[in-house]
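# Structural overview for review
So you can see what is in the structure, the chains are spelled out below.
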Amino acid sequence: MGSVEAAAGATGKIGTLLSRRARGRDWVSKSDMVQFIRCPYAFVQVDQGLLPRDALIDPLSVQLIDEGNEFHRNVTALAAPMPDDLSLEDAFAQEVTLFGVPVLENKALKLLGAPDAVRAEGGALVPIEIKSHKDVRRTDLLELAFYWLLLEPFRTREGGQPRGEMMLRRDGVVETVPVTLDSSHFAEVEDLIKQIRRARRVGVKPRVCGCPACRGPLLEQVTRLTREGKDLSLIWGIAGKRARALEELGIATYEDLIATDGDEVAAGLRELGHTVSARTQVRQWRSHALAYQLADAVVFGPPAPVEDSFIALDLEYDPIGPPIWTIGLLVCDGDHREHVALWAENETQERENLLALDELLARHSDLPILTWGGVAADLPQLQHGAERHRLDGRLLAAVSERHFDLFLHVTNSLRLPMPGLGLKDVADYFGVAKTSTIQDGLEALFLFAQYQQSRNRTEKQNIRERLVDYNRDDLEMLARAHQAIRLIQVLAQDNR
């Protein structure tokens, strides 16, 4: 990290929000910007004191924040303390990396905040952010652009091409990655600052989103208001930026989509910088809008080629690392139904389960393998597992050649009068009730962590049974949702 490093200031980032409120609603912090990006509506609710700040995070977010804070502490622990009698101005004039920078103000732009670190470069001042992920993200670039603007009044030497640095965790070690900032980053930051100030004055429309606040305490409110307003975000594939672009074209509700020519919509969006296809995306949006208008399913694609005999597959795992703790299968072959749950709490058992999966698939070599979102989730996990245990490619080939992703099929052929296409929501629409007491994958993830940490045999057995039941529930929902979806699409095809 370099031999000359110092920790500057003592106030840190504590009290940034209080500082902004004391200055007035036109002052914007980096945290304001990040929270606004995640969900403008939830940001305003918290900013106005209508919702507690902890509503913006869920248990997984807490875990990620804790991991990020630990990584941050490990990085800054390597910095040498700066003498108390050295002023910030003098520190900025040195050739030094400063950690623990106090809250700074750009009074002209009404910005405030504290970068994780600043590379002084004799007054040139390059912002540094410390993140526990391994790749530079778009939001990282926006944060650095924000801090570049924040540092303008403190520069005593030209900084040259706007730039910053990311200190990332890669393969368990700190790696410093230099990044260049361009005009698009600053334009987006300046637009976000304007949006935040406007939102504080006049509020924002609620949109359908998956943030913790909108999934939790704001769910009922957001559901009611978006339904009443026939909001564009109710349409699958239309999120905040795209919804605002459609509104610029005069399309304010999903009903407006139905009454508008698809080619004109696509052309108008392309002029605003949004590349869409009239033949596919706009057609799907209009089909979804029609589903709301009719309060019924709208079919625009053929039935799935998978009929009544198949193997439903669903994995339970921690995205961060091994093992795959449950490989769940539901064999549906005519009148025969067989549920299989392969449980693993370590990598040795995971390897045994992968071999058992291979044998089971070989016994039912004529059956297709059905998943919900398996292309993005289950298949990559099987590949990682096979690579970990140096298994040959037979297992992956057996799955890939016979695999059918029902989620992708629904995405390209069917819309229901509801915003999401999650398995639980789709199954619920078709009357397939959830029976497990575990609400979602996040709760399952925390339960498995509790299982691993427990030394109580009874407690471990109870958790294991709950997790297996949760997986079985998903498999039943997948199988029955498939049957309902295929039936409705066959009927639609017959009626054409």
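This report concerns the structure included in the present document. This structure is a prediction, so every number in the text was calculated from the model and none was measured.

### Focus: the overall build of the protein
Check the secondary structure of the protein and you find 20 helices and 17 strands. Counting over 496 residues, the protein shows a buried share of 47%. Partitioning the contacts of the protein with sequence separation of at least 6, the portion at a separation of at least 24 is 69%. For the protein, the exposed surface amounts to about 24300 Å²; the carbon and sulfur share of it is 50%. If you average the places of the 58 positive and of the 73 negative side-chain charges in the protein, the two averages end up 4 Å apart.

### What about the pattern of salt bridges?
A complete count under the given rule lists 24 salt bridges for this structure. Of the charged contacts, one joins Lys30 and Glu129 as a salt bridge, the two residues approaching to 3.9 Å between their closest N and O atoms. Taken together, the residues span a long stretch of sequence, with Lys30 in helix α2 (residues 30-38) and Glu129 in strand β8 (residues 126-131) at a distance of 99 residues. Look at Glu129 and you get buried, because its relative accessible area is 1%. Arg466 is paired through a salt bridge with Glu443; the nearest N and O atoms lie 3.7 Å apart. Taken together, the residues Arg466 in helix α20 (residues 457-494) and Glu443 in helix α19 (residues 441-453) connect sequence positions 23 residues apart. Overall, Arg466 belongs to the partly exposed group, its relative accessible area being 33%.

### Considerations on the pairing of strand β9 (residues 163-170)
Note that β8 and β9 share 4 bridges and pair parallel. Each residue of the ladder has a partner; that of Lys131, found in β9, is Leu168. For the crossover from β8 across helix α6 (residues 138-150) to β9, the handedness is right-handed. Sheet analysis places β9 next to strand β10 (residues 173-180), joined by 8 bridges and oriented antiparallel. Opposite Arg163, over in β10, you have Thr180 as the bridge partner. Connecting β9 to the next strand, β10, in antiparallel fashion are 2 residues, including Asp171 with a positive phi near 55°.

### A closer look at the packing of aromatic side chains
Describing an aromatic ring pair means giving the distance of the ring centres and the angle of the ring planes. Enumeration according to the criterion identifies 11 aromatic pairs in this entry. Ring centres of Trp343 and Phe448 lie 5.8 Å apart, and the angle between their planes is 70°; on these two criteria the pair is classed as edge-to-face. Of this pair, Trp343 sits in strand β14 (residues 336-343) while Phe448 sits in helix α19, placing them 105 residues apart in sequence. For Trp343, a relative accessible area of 7% puts it in the buried group. With relative accessibility at 4%, the residue Phe448 sits in the buried group. Stacked on the ring of Trp148, the Lys or Arg Arg155 has its end atom at 3.7 Å from the ring centre. The ring of Tyr451 carries Lys460 above its face, with NZ or CZ at 3.8 Å from the centroid.

### Notes on helix α13 (residues 278-294)
Three or more residues of α13 are buried, namely Val282, Gln284, Trp285, Ser287, His288, Ala289, Ala291 and Tyr292. Among the residues of α13, the N-terminal cap falls to Ser277, whose side-chain oxygen and the backbone nitrogen of Arg279 are separated by 3.3 Å. Ala295 sits one or two positions beyond α13 and adopts a positive phi of about 55°.

### Section: the sheet that holds strand β12 (residues 310-318)
Taken in spatial order, the 5 strands line up as β14-β13-β12-β15-β16 in an open sheet, and their pairing is mixed. Either end of the sheet is taken by a strand with one partner, and the two such strands are β14 and β16 (403-405). Mean inter-strand twist for the sheet, computed between neighbouring axes without regard to direction, equals 25°. The pairing of β12 with strand β15 (residues 369-371) spans 2 bridges and is parallel. By the bridge assignment for β15, Ala312 is matched with Leu370. Across the sheet, helix α15 (residues 378-388) lies against β12, β13 (321-333), β15 and β16, angled at about 70° from β12, the strand it touches most. In the packing of α20 onto the sheet, contacts are made with β12, β13, β14 and β15, and the angle to β12 comes to roughly 140°.

### Observations regarding the packing of α19 against α20
The contact between α19 and α20 brings their axes to 9 Å, and the two run at 155°. Classified by the angle between their axes, α19 and α20 sit roughly antiparallel to one another. Classified by chirality, the crossing of α20 by α19 is left-handed. Contacts between α19 and α20 involve Gly441, Glu443, Ala444, Leu447, Phe448, Gln450, Tyr451 and Gln452 from the first element and Glu459, Lys460, Ile463, Arg464, Arg466, Leu467 and Tyr470 from the second.

### Re the side chain of Arg402
Its location among the elements puts Arg402 in helix α16 (residues 394-402). In this structure Arg402 is buried but unpaired, with Asp366 as the nearest side chain of opposite charge at 6.1 Å. Once residues within four sequence positions are removed from consideration, Arg402 is found in contact with Ile311, Leu361, His364, Ser365, Leu367, Pro368 and Ile369.

### Observations regarding the environment of Asn412
Relative to the assigned elements, Asn412 resides in the loop between α17 (406-411) and β17 (414-415). Of the residues examined, Asn412 reaches a relative accessible area of 49% and is grouped as partly exposed. When neighbours within four sequence positions are excluded, Asn412 is seen to be in contact with Gln284 and Phe300.

### Quick notes on helix α14 (residues 347-363)
In a regular helix each residue adds 1.5 Å, so 17 residues correspond to 24 Å; α14 covers 25 Å between its end C-alpha atoms and thus fits that length. Turning to α14, its buried residues number three or more, namely Glu350, Asn353, Leu354, Leu357, Asp358, Leu360 and Leu361. All buried residues of α14 lie within an arc of 165° about the axis, which places them on one face of the element. Structural note: α14 exposes Thr348, Glu359, Ala362 and Arg363 on the side pointing more than 90 degrees away from its buried face. Turning to α14, the residues buried within the fold contact β12, β13, β14, β15, α15 and α16. The N-capping residue of α14, defined by a side-chain oxygen 3.1 Å from the backbone nitrogen of Thr348, is Asn346.

Thresholds, definitions, all that
Positions within a chain are numbered from 1, following the residues in the order the chain's sequence is written. Where totals are concerned, whole chains, interfaces and linings use all residues; where local detail is concerned, this predicted model gives features only for residues with pLDDT of at least 70, and gives and counts side-chain atom pairs only at 80 or more. To obtain the side-chain values, all non-hydrogen atoms of the structure were used and water was disregarded. Where helices and strands are cited, they refer to DSSP runs of H or I of at least four residues and of E of at least two residues respectively, numbered from the N terminus. Only protein chains enter the accessibility calculation, which uses a 1.4 Å probe; a residue is then buried when its area is under 20% of its type maximum, exposed when over 50%, and partly exposed in between. Contacts are assigned to residue pairs with any non-hydrogen atoms lying within 4.5 Å of each other. Using a 1.4 Å probe, the Shrake-Rupley method yields the accessible areas, and only the shown protein chains count as cover for residues. In summary, the charge assignment counts Lys and Arg as positive and Asp and Glu as negative, without counting His or the chain termini. Every charge is mapped onto a representative atom, which is NZ of Lys, CZ of Arg, CG of Asp or CD of Glu. What makes a salt bridge here is a side-chain nitrogen of Lys or Arg within 4 Å of a carboxyl oxygen of Asp or Glu, nothing more. The pairing criterion is simple: DSSP has to find at least two bridges between the two strands. The crossover handedness rule: strands pointing away from the viewer, path from first strand over the helix to second strand clockwise, crossover right-handed. Only rings of Phe, Tyr and Trp enter the pairing, Trp through its six-membered ring, and a pair is recorded when the two centres are within 6.5 Å. The plane angle decides the type: under 30 degrees is stacked, over 60 is edge-to-face, the rest tilted. Definition used: whenever NZ (Lys) or CZ (Arg) falls within 6 Å of the ring centre and also within 35 degrees of the ring normal, the charge is taken to sit over that ring. Here a polar contact is recorded for every N or O atom pair within 3.5 Å, except that within protein the pair must consist of a potential hydrogen donor and a potential acceptor, and residues adjacent in sequence are included only if both atoms are side-chain atoms. Lines fitted to C-alpha atoms define the axes here, with helix axes fitted over just the stretch in contact, and angles between the N-to-C directions of these axes take values from 0 to 180 degrees. Every angle not falling under 35 degrees, over 145, or within 65 to 115 is termed oblique; those three ranges are roughly parallel, roughly antiparallel and roughly perpendicular. Two helices crossing with the near one rotated counterclockwise from the far one by less than a right angle form a left-handed crossing, whereas a clockwise rotation gives a right-handed crossing. To estimate how far a helix should reach, multiply one less than its number of residues by 1.5 Å. The arc refers to the directions leading from the helix axis to the C-beta atoms.

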